[in-house]
Amino acid sequence: MVTSEQRRRQLAREKYERQAERRAEAQKKARRRNSIIGAALAVVVLAGGGAVIGGVFDSGDTKDKTAQAAPTPTVADPTAAPTRKPVEGCTAPADGKPNGKQWTAEPALTVDTKAAYTATLDTNCGKVTIALDAAKAPHTVNSFAFLSGEQYFDHVKCHRLTTDGIFVLQCGDPTGSGSGGPGYKFADENLTGATYPAGTVAMANAGAGTNGSQFFLVYKDTQLPPNYTPFGKITGGLDTLQKIAAAGTLDGGSDGAPMADVTLNSVATAKG
């Protein structure tokens, strides 16, 4: 017998995935439109690969399929926009802005699949350390290491927080819109039997094979279909994420921009 709680979680997941599908379709239409404009003007346009986490987000919000990224909430009347409140442990982000670099192809595979890699997210709310799994997700770890080495994630805001049914903080989009990416996409990995307990780090996407730069951090056990590449485990700072989640979203809903103005001041990946 399905309990009301199970039904609520199912509805939350379905809503998340519908949003991701809509975002993916919007991205396809935008790419087609850009292609037509480019041909007419005889200019080459490099389209960025947006990640949305659908479940986490599909880059879809990553946002609704896990890189399906959920769109950042907007308010029609700027004077009525919600106001951020101080969040314990969070300070003002470091000065600077995302470099927004773009590439036409996935970086060459250079990671050592037998080595250990650690990513450090230095956020304005505290540090989060991640043990990356190069053996099971070599292309994903390779891309993450490449982008962090290019300072691509520096000064990028974590644009989406979900607090009901799905419990993730989504980051990695320099545009903050939930549809931005590095210009290239790469295939899914490590999906067989994939689960998303607290501490999981996985890619957001807009559908199969659309991984880019958006990823999500799971701060509480979450049930998602095995559609989002898990590529790391949080080894430090889970309490930081839980503190961010406890502060809720900016608009008070269960899915939107976090109240804490969470920003990746810097991201580094180290071998060994």
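Just above, that's the structure.
These numbers were taken from a predicted model, which means no experiment stands behind them.

1. Digging into the overall build of the protein
Reasoning step 1: On a plain count of helices and strands, the protein comes out with three helices and 12 strands.
Reasoning step 2: Roughly 12,200 Å² of accessible area belongs to the protein as shown, and the carbon and sulfur atoms make up 55% of that amount.

2. Considering the environment of Asp 239
Reasoning step 1: Locating Asp 239 in the fold gives a position in helix α3 (residues 238–246).
Reasoning step 2: Measuring from C-alpha to C-alpha, the distance between Asp 239 and Tyr 219 comes to 8.3 Å, with 20 residues separating the pair along the chain.

3. Let's talk about the packing of aromatic side chains
Any two aromatic rings considered together are summarised by their centre-to-centre distance and by the angle between their planes.
Reasoning step 1: In total, this model carries 12 aromatic pairs according to the counting rule given.
Reasoning step 2: Taking 6.1 Å as the distance between ring centres and 75° as the angle between the ring planes, the aromatic pair formed by Phe 167 and Tyr 219 counts as edge-to-face. With Phe 167 in strand β7 (residues 166–171) and Tyr 219 in the loop between β9 (215–218) and β10 (230–236), the pair connects residues that are 52 residues apart, well separated along the chain. This pair shows no difference in class: Phe 167 is buried, exactly as Tyr 219 is.
Reasoning step 3: Taking the centre distance of 6.3 Å and the plane angle of 40° together, the rings of Tyr 196 and Phe 216 count as tilted. One end of the pair, Tyr 196, is in the loop between β7 and β8 (200–203); the other, Phe 216, is in strand β9, with 20 residues separating them in the sequence. Of the two residues examined, Tyr 196 and Phe 216, each falls in the buried class.
Reasoning step 4: Grouped by ring-pair contacts, the aromatic residues Trp 103, Phe 144, Phe 146, Tyr 152, Phe 153, Phe 215 and Phe 231 constitute a single cluster.
Reasoning step 5: Across the ring face of Phe 167, the terminal group of Lys 220 is positioned such that the distance to the ring centre comes to 4.6 Å.

4. So, the state of the cysteines
Reasoning step 1: Under the criterion given, the structure shown has two disulfides.
Reasoning step 2: Between the sulfur atoms of Cys 90 and its disulfide mate Cys 125 the distance is 2.0 Å. Disulfide Cys 90-Cys 125: torsion about the S-S bond near 110°, hence right-handed. Of the two residues, Cys 90 is situated in the loop between β2 (67–68) and β3 (117–123) and Cys 125 in the loop between β3 and β4 (126–132); the sequence distance between them amounts to 35 residues.
Reasoning step 3: What makes Cys 125 buried here is its relative accessible area of 2%.

Criteria and thresholds
Residues numbered from 1 in each chain as written. Predicted model: local features only at pLDDT ≥ 70, side-chain atom pairs only at ≥ 80, totals over all residues. Heavy atoms only, no water. Helix = DSSP H or I, 4+ residues; strand = E, 2+ residues; numbered from the N terminus. Areas by Shrake-Rupley, 256 points an atom, 1.4 Å probe, with all protein chains shown as cover. Phe/Tyr/Trp six-rings, centres within 6.5 Å; stacked < 30°, edge-to-face > 60°. Buried < 20%, exposed > 50% of the residue type's maximum accessible area, 1.4 Å probe, protein only. Lys NZ or Arg CZ within 6 Å of the ring centre and 35° of its normal. Disulfide = S-S within 2.5 Å.

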